[in-house]
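Examining the three-dimensional arrangement
Here is how the chains run, residue by residue.
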Amino acid sequence: MSWLIRIRPGVLVVFGSSAIGGAAYRHFKPGSAEASLNPHTFTPYTLVDKQDVSDTSAIFTLRHRDGAPDPESVKEAWKRSVWSVQVKQPQLQIARAYTLLPPKTDGIQAGEKEAEDVRLLIREEEGGEVSTYLHRLAEKSTIELRGPNVECELPHDIKEVLFLAGGTGIAPAMQVAQALGRRTGSKMHILWANRRREECIGGVSDEHIPANPIIHSGTSWWRSLIGLGHTAAPQAVVDKHSSQGKGVLVQELEALKECSQAGTRGLSVQYYVDAEKTFIKPGDVAKRLHVEGPEEKGSRLILVSGPDGFIEHWAGKKLWVGGREVQGEIGGVLGQMDLKDWNVFKL
Ligand SMILES: Cc1cc2nc3c(=O)[nH]c(=O)nc-3n(C[C@H](O)[C@H](O)[C@H](O)COP(=O)(O)OP(=O)(O)OC[C@H]3O[C@@H](n4cnc5c(N)ncnc54)[C@H](O)[C@@H]3O)c2cc1C
């Protein structure tokens, strides 16, 4: 189990225990060809599908090579955590973390099926060792995974989540959306920023966002932070990466929204596109921090996920202390705001 403790105003510390890892260990039979995904050894999966999302990112679908069922740890992780797996680059013997996308909504909740395909949204980083290796693999290749690794556990009394996502940071946002879909009365807002429209073709915000050409003319803060110039998506690229005018992630977000309508107070999504000069503003965050009434008891969480520059801009840097990564002070834009009773977690 892991939990959040505020040790002084503006500081969050995460403690973790091996409850989830322990559960996985009980289900792992060393030497068995059918060993399930576990946090101790790499388990072979087969790449069964790769669906392009844009020119630089794709959804990889991986299937357990021997069809072993998901361990309890995975089923538990889907219910209450943001979690990832490590993917191995066997030639260099290095691994990187990737966040699982929730299974496509088909009326069956994640964790209820015997074995799920693993779906990863992977952006190809220029010069990146593991992401470029993965993007070059042919179908039917073997990819080895280790996990689950719980990044953040949702409090049991979670009532509301505001998720600031940059780029592939949408994957953990979708995990949280499916987990909250099981919690009656919960509510979630996703503010998703992308550099280019091709990542979120056809995504229409629940609330109109006016473009702001005056403040953000030329290169944006986010683009300049990561050193990229201005690029608009050519129509051919847009056509290539959408079906019926909607990108695959937009379609999945819409399905999650529909599911959330049954038992929750809803999921809202705002799309921001750098190239269209729409940017998440502090006011977009502030207006979602209001609490509706005293009857709305429960914890509220702001999650921030995306490239390092995005996290730093909104919530300040994560730190390394004693060989492990910790949350550090809440800095950046959120550090300047009145967050009321909302906690902040940097993913
Ligand atoms: C918990 C977690 C979950 C994640 N989930 C996802 C996910 O769902 N999807 C996703 O796409 N990513 C995700 N990531 C990021 C992912 O783990 C990798 O960091 C990312 O894919 C880059 O890895 P790489 O090996 O390809 O690049 P690296 O080899 O690590 O390089 C990263 C960048 O640094 C540059 N670089 C490397 N070495 C140098 C150097 N010496 N000097 C200058 N520049 C250098 C490279 O050119 C590249 O642009 C996640 C990360 C974490 C921690």
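The shown structure was predicted, so the numbers you read here are calculated from the model rather than taken from an experiment.

1. Looking at the overall build of the protein chain
The secondary structure content of the protein chain amounts to 10 helices and 15 strands. The buried share among the 347 residues of the protein chain stands at 51%. In the protein chain, 73% of the contacts between residues at least 6 apart in sequence involve partners at least 24 apart. Accessible area of the protein chain: about 15900 Å², with a carbon and sulfur share of 51%.

2. Points about the UniProt feature "binding site: FAD" (unreviewed entry) in the protein chain
Mapped onto this structure's residue numbering, the UniProt feature "binding site: FAD" (unreviewed entry) falls at R96, Y98, L121, V130 and S131. With the annotated positions falling across 36 residues, the maximum pairwise C-alpha distance of 13.4 Å places them together in a single cluster. Following the sequence through the fold, R96 ends up in strand 6 (residues 94-99). Ignoring anything within four residues of it in the chain, the contact list for R96 reads V85, Q86, V87, E129 and V130. With respect to the helices and strands, the residue S131 is situated in helix 3 (residues 129-136). The class of S131 is buried, set by a relative accessible area of 4%. The contact partners of S131, leaving out residues within four places of it in the chain, are Y98, I122, R123, E124 and E125. Separated by 3.0 Å, the side chain of S131 and the backbone nitrogen of E125 make a polar contact.

3. What about the pattern of salt bridges?
All chains considered together, the criterion is met by 17 salt bridges. Note that K287 is salt-bridged to E207, the shortest N-O span being 2.5 Å. With K287 in the loop between helix 8 (282-286) and strand 12 (299-305) and E207 in the loop between strand 10 (187-194) and helix 5 (221-225), this pair connects stretches of sequence that are 80 residues apart. Given a relative accessible area of 42%, K287 falls into the partly exposed group. Of the charged contacts in the structure, one is a salt bridge between R288 and E207, with a shortest N-O distance of 3.7 Å. Remark: E207 occurs in the loop between strand 10 and helix 5 and R288 occurs in the loop between helix 8 and strand 12; sequence separation between them is 81 residues. Given the relative accessible area of 7%, R288 is considered buried.

4. Remarks on unusual backbone geometry
Among all residues save glycine, negative phi is the norm, and among peptide bonds the norm is trans. Backbone torsion omega between G147 and P148 reads 0°, so that peptide bond is classified as cis. Tracing the chain through its elements places P148 in strand 8 (residues 142-153). In the Ramachandran plot, K140 falls in the positive-phi region, its phi being about 75° despite a non-glycine side chain. Note that K140 resides in the loop between helix 3 and strand 8. Taking relative accessible area as the criterion, K140 reaches 66% and is therefore assigned exposed. Positive phi outside glycine occurs at K277, with the angle close to 60°. If you trace the backbone, K277 turns up in the loop between strand 11 (267-273) and helix 8. The class of K277 is partly exposed, set by a relative accessible area of 21%.

5. A closer look at the site of the ligand
Taken together, 16 residues are adjacent to the ligand, and R96, A97, Y98, L121 and S131 come closest. For the ligand, whose free accessible area comes to 970 Å², the fraction covered by protein is 55%. Element by element, the count of residues in the shell around the ligand is highest for strand 6, at four residues. Across the shell around the ligand, the residue classes tally to five nonpolar, five polar and six charged.

6. What about the sheet that holds strand 5 (residues 81-89)?
Spatially, the six strands line up as an open sheet ordered 6-5-8-3-4-7, and their pairing is antiparallel. The open sheet has two free edges, formed respectively by strand 6 and strand 7 (118-123), since each of these has just one partner strand. Recorded for the sheet is a direction-independent mean angle of 40° between the axes of neighbouring strands. Where strand 5 meets strand 8, six bridges bridge the pair, whose relative direction is antiparallel. By the bridge assignment, S81 is partnered in strand 8 with E153. On the sheet, helix 2 (residues 72-80) packs against strand 5 and strand 8 and is oriented at approximately 130° with respect to strand 5.

7. A short note on the sheet that holds strand 11
In any sheet, the strands associate via hydrogen bonds between backbone groups, in a parallel or an antiparallel arrangement. Strand order in this open sheet of five strands is 11-10-9-12-15, and the pairing throughout is parallel. Pairing within the sheet leaves two strands with one partner each, and these edge strands are strand 11 and strand 15 (342-346). Strand-to-strand twist across the sheet, computed as the mean angle between neighbouring axes with direction ignored, equals 15°. Contacts from helix 7 (residues 248-263) reach strand 10 and strand 11 within the one sheet, and its direction differs from that of strand 11 by about 160°. With respect to the sheet, helix 9 (residues 308-315) is in contact with strand 9 (158-166), strand 10, strand 12 and strand 15, its orientation differing from that of strand 12 by roughly 140°.

What counts and how
- Residues numbered from 1 in each chain as written.
- Predicted model: local features only at pLDDT ≥ 70, side-chain atom pairs only at ≥ 80, totals over all residues.
- Heavy atoms only, no water.
- Helix = DSSP H or I, 4+ residues; strand = E, 2+ residues; numbered from the N terminus.
- Buried < 20%, exposed > 50% of the residue type's maximum accessible area, 1.4 Å probe, protein only.
- Contact = heavy atoms within 4.5 Å.
- Areas by Shrake-Rupley, 256 points an atom, 1.4 Å probe, with all protein chains shown as cover.
- UniProt positions renumbered as here; feature names shortened; annotations may be inferred.
- Polar contact = N/O pair within 3.5 Å; in protein donor to acceptor, adjacent residues only side chain to side chain.
- Salt bridge = Lys/Arg side-chain N within 4 Å of Asp/Glu carboxyl O.
- Near = heavy atom within 4 Å.
- Nonpolar A, V, L, I, M, F, W, Y, C, P; charged D, E, K, R; others polar.
- Pairing = 2+ DSSP bridges.
- Axes fitted to C-alpha atoms, helices over the stretch in contact; angles between N-to-C directions.

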